Amino acid sequence: MNSNLHFMRIVCLVFALLAAGSQSARADGGKGKGRDSLYLQLYAGVNKSGNEHLPITEHTTYPWAGGAFAGIGQEFHPLWGWRVALRYNRNKSRNVPLCESSDTWGWNSISLFGDLTFDLTDAFAKPEKRGRRFNFKLLAGIGTSYAFGYPTDIYLSYTDPFSTKSHFELAGRAGFGLSYKLSKRLRLGAEMTYNLFGDHFNGVKAGAPLDTRMNLKLGVTYVLGPRTKKQPAPTATGVTLDNRLRTIPFLPYIMPKQEDTKVRTIEGRAFLDFPVNETIIYPDYRRNPEELQRLKKTIENALFDKSFKVQSVSLHGYASPESPYDNNTRLARGRTKALKDYVCCNFDIPAGIVEETFTPEDWLNLRTFIESRGESRRVKGNIWYEHETVVETPVMPEFVAEQRDALLRIIDSAADPDEKERQIKAVAGGTPYKWLLDYVFPGLRHTDYIIEYVVQHYPLAEAKQLIYTHPEALSQSEIYSVAESFGEGTDGWYDAILTAARQFPGDPVANLNAASASVKMRRLTDAKKYLQKAGSSQDAAYLAGVIRAMEGRAKWKLENGRLILEE
């Protein structure tokens, strides 16, 4: 069992127990006995850090180390609470891949975690019996860790690269804590956590995405005092009045104008492989079958209705910087022309509406890759690929990252492209250039495409079907006709209103209507999110006042069903 699977099982167990106790949490609405006041903690103990690629089942052979932490926390509910903990740990792991070796690799870390705690003891106790002497809490948290103090005189016997430089890593953890109440203020406790850190936490950069550590700490908790509640000022009759607006008043809805011509756009990026110095698309060459299939699905999904009319296509081709600039100009122009011929032939698009442009060498995206240390090509929705599972480039190695500033200076210089390439080849003996050539330059050979097409208007019956399959083909007014057909206040009505906001995210009318619909459904958090993009109209200001009144943050009155704020 690897460490990732082991951690996932721990997380699943934690959340299963949280779900089991949530029913009890709802029993008293978050009020009652057993709610912990603000407390301070000081714990110390031992830990074990895992080697690269070693399963958690071998944790008994991991070397021992130690650490301590100071924390502050509080329960905002008899079951739920928060805690912030600052930790110092001395970490040790084997400096060879085998656990049987006695050689160790030691380093230090300072971590800051924010935890969510769940009082399992109180979850399964009746409200009047909460707050007993013995307590068992679950915890889960996220944070960051600063690793430093790696030995400079010990060489790791891994084939994977390692570094002795100090660095920050993201971290997560889950575990449990036990405590025993000695007095009203003082408690003894123990805590066991399983921690995950970003790869490279122990200095080794390997295929395993995470590093691990198990902590066992003992210590004391000091409770600062009972939580004091601010009592509401009594009224003249001695009765506390709730001033929240509970009746839904008039809400503004704006019917959007019908689009005279419904123009839609497909934007994408095609990465096609060409043999060296050739401009012909070979459908079976290298990765081309997969890439052409992706292009086909993208276009056919958008042009699902044969009545759609393509009115313009824009193709912009790029080549990578290696080889002379004149030759790259020929390749960029020719490969853009090759994609034009493929699109026109396979999708019945007239050649006369296709615009071809090209950039001989894609220095801009090369610069973006180097400046971001490779992260510009490793995130979902980036300019390199449309699917998060496709990773064109491995993690940038240290020998390239160390030359980042020198490479950027050359790229930003006023030298001509061929001179820039010559200078980059000379950086650090050419090693960074060789890696960029093998792993980055293939992604610089691409063609961006924009296809504009005209969509027909749909009657209500067809629009009610398309809203679930192709909502992008509908206009706002068509979507609102679908919403009205479900009946105001129904789930179908609300889903349709939100669909319009998703399809037209920058449109103030779509967001205002989504905010009003969310208020109607009493989902005030969602209403405030949409209202932020609804502009500064009188309707938006009125709706903001409705939300404040429903939250009890404003004085109000109703006249003829319309809200009036009393400033």
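Just above, that's the structure.
Heads up: these notes are all about the structure in this document. Note that the structure is predicted; figures quoted are calculated from it, not measured.

**A look at the overall build of the protein**
In step 1: Within the protein one finds 16 helices and 14 strands.
In step 2: Among the 567 residues that make up the protein, the fraction classed as buried is 46%.
In step 3: In the protein, the proportion of contacts linking residues at least 24 apart, taken out of those at least 6 apart, comes to 69%.
In step 4: Summed over its atoms, the accessible surface of the protein is roughly 29,000 Å², and 57% of this surface lies on carbon and sulfur atoms.

**Notes on the nonpolar core**
In step 1: Of all hydrophobic cores here, the largest spans 64 residues; its most connected members are Tyr453, Val519, Leu531 and Val546.
In step 2: Those residues within four positions of tyrosine 453 in sequence are excluded, and the remaining contacts are Lys262, Val263, Arg264, Thr265, Ile266, Ala302, Leu303, Phe308, Lys309, Val310 and Gln311.
In step 3: Ranked by size, the runner-up nonpolar core spans 19 residues in total, among them Ile370, Met396, Leu407 and Leu408.

**Details of the packing of helix 5 (residues 363-371) against helix 7 (residues 404-412)**
In step 1: At a minimum axis separation of 10 Å, helix 5 and helix 7 run at an interaxial angle of 160 degrees. Considering their axes alone, helix 5 and helix 7 lie roughly antiparallel with respect to each other. In this structure, the crossing between helix 5 and helix 7 has a hand that is left-handed. Contacts from Trp363, Leu366, Arg367, Ile370 and Glu371 of helix 5 reach helix 7 at Arg404, Leu407, Leu408, Ile411 and Asp412.
In step 2: Here the contact of helix 5 with helix 7 is composed, by residue class, of 6 nonpolar, no polar and 4 charged.

**Looking at the sheet that holds strand 4 (residues 104-119)**
In step 1: The strand order 1-2-3-4-5-6-7-8 describes a closed barrel built from 8 strands, whose pairing is antiparallel. Across the sheet, the mean angle from the axis of one strand to that of its neighbour is 25 degrees, orientation sign disregarded.
In step 2: In this sheet, strand 2 (residues 64-75) lies alongside strand 1 (residues 39-49) in antiparallel orientation, the contact comprising 10 bridges. By the bridge assignment, lysine 48 is partnered in strand 2 with tryptophan 64.

**Thoughts on the side chain of serine 179**
In step 1: By secondary structure assignment, the location of serine 179 is in strand 6 (residues 167-181).
In step 2: Exposure remark for serine 179: the relative accessible area of 14% places this residue in the buried category.
In step 3: Among residues more than four places away in sequence, those in contact with serine 179 are Arg133, Phe134, Asn135, Leu188 and Gly189.

**Quick look at the packing of helix 13 (residues 491-503) against helix 14 (residues 508-520)**
When two helices pack together, their arrangement is given by the angle between the helix axes and the distance between those axes.
In step 1: Put simply, helix 13 and helix 14 touch, their axes get as near as 8 Å, and they point 150 degrees apart. Taken together, the axis directions place helix 13 and helix 14 in an arrangement best described as roughly antiparallel. Read as a crossing pair, helix 13 and helix 14 show a hand that is left-handed. Contacts between helix 13 and helix 14 pair Trp493, Tyr494, Ile497, Leu498, Ala500 and Ala501 from the former with Ala510, Asn511, Asn513, Ala514, Ala517, Ser518 and Lys520 from the latter.
In step 2: Here the residues of the contact of helix 13 with helix 14 sort into 9 nonpolar, 3 polar and 1 charged.

**Topic: the state of the cysteines**
In step 1: All told, the structure shown has 0 disulfides when counted by the stated rule.
In step 2: Among the cysteines around cysteine 344, which has no disulfide bond, cysteine 345 carries the closest sulfur, lying 8.7 Å off.

**Thoughts on the side chain of arginine 269**
In step 1: With respect to the helices, strands and loops of the structure, arginine 269 is situated in strand 9 (residues 262-270).
In step 2: Overall, the relative accessible area of 13% leaves arginine 269 in the buried class.
In step 3: A distance of 3.3 Å separates the side chain of arginine 269 from the side chain of histidine 446, its partner in a polar contact.

**Considering the pattern of salt bridges**
Any two side chains of opposite charge can pair, on the condition that their charged atoms come close.
In step 1: On inspection of all chains with the given rule, the structure shows 27 salt bridges.
In step 2: Taking the shortest distance from any N to any O, the salt bridge between aspartate 115 and arginine 83 comes out at 3.1 Å. Of the two residues, aspartate 115 sits in strand 4 while arginine 83 sits in strand 3 (residues 80-94), which places them 32 residues apart along the sequence. A single burial state applies to aspartate 115 and to arginine 83, both of which are buried.
In step 3: One salt-bridge network, held together by shared partners, links Arg83, Arg87, Asp115, Arg173 and Glu191.

**A look at the pairing of strand 3**
In step 1: Inspection of the sheet shows strand 2 paired to strand 3 by 10 bridges, in the antiparallel sense. Along strand 3, the bridge assignment pairs alanine 68 with tyrosine 88.
In step 2: The antiparallel pairing of strand 2 with strand 3 creates a hairpin that spans 4 residues between the two strands.
In step 3: The pairing of strand 3 with strand 4 spans 15 bridges and is classified as antiparallel. Each bridged residue has a counterpart across the sheet, and for alanine 85 the counterpart in strand 4 is phenylalanine 113.

**Digging into the environment of proline 321**
In step 1: For proline 321, the position within the fold is in the loop between strand 10 (309-318) and helix 4 (325-347).
In step 2: Note on proline 321: relative accessible area 1%, which makes it buried.
In step 3: Taking C-alpha positions, proline 321 is 9.3 Å from arginine 445, a pair spaced 124 residues apart along the chain.
In step 4: The residues touching proline 321, leaving out its near neighbours within four places in the chain, are Asn328, Glu361, Trp363, Leu366, Glu421, Phe441 and Leu444.

About the cut-offs
- Residues numbered from 1 in each chain as written.
- Predicted model: local features only at pLDDT ≥ 70, side-chain atom pairs only at ≥ 80, totals over all residues.
- Heavy atoms only, no water.
- Helix = DSSP H or I, 4+ residues; strand = E, 2+ residues; numbered from the N terminus.
- Buried < 20%, exposed > 50% of the residue type's maximum accessible area, 1.4 Å probe, protein only.
- Contact = heavy atoms within 4.5 Å.
- Areas by Shrake-Rupley, 256 points an atom, 1.4 Å probe, with all protein chains shown as cover.
- Core = buried A, V, L, I, M, F, W, Y, C linked by side-chain atoms within 4.5 Å.
- Axes fitted to C-alpha atoms, helices over the stretch in contact; angles between N-to-C directions.
- Parallel < 35°, antiparallel > 145°, perpendicular 65-115°, else oblique.
- Left-handed = near helix turned anticlockwise from the far one by under 90°.
- Nonpolar A, V, L, I, M, F, W, Y, C, P; charged D, E, K, R; others polar.
- Pairing = 2+ DSSP bridges.
- Disulfide = S-S within 2.5 Å.
- Polar contact = N/O pair within 3.5 Å; in protein donor to acceptor, adjacent residues only side chain to side chain.
- Salt bridge = Lys/Arg side-chain N within 4 Å of Asp/Glu carboxyl O.

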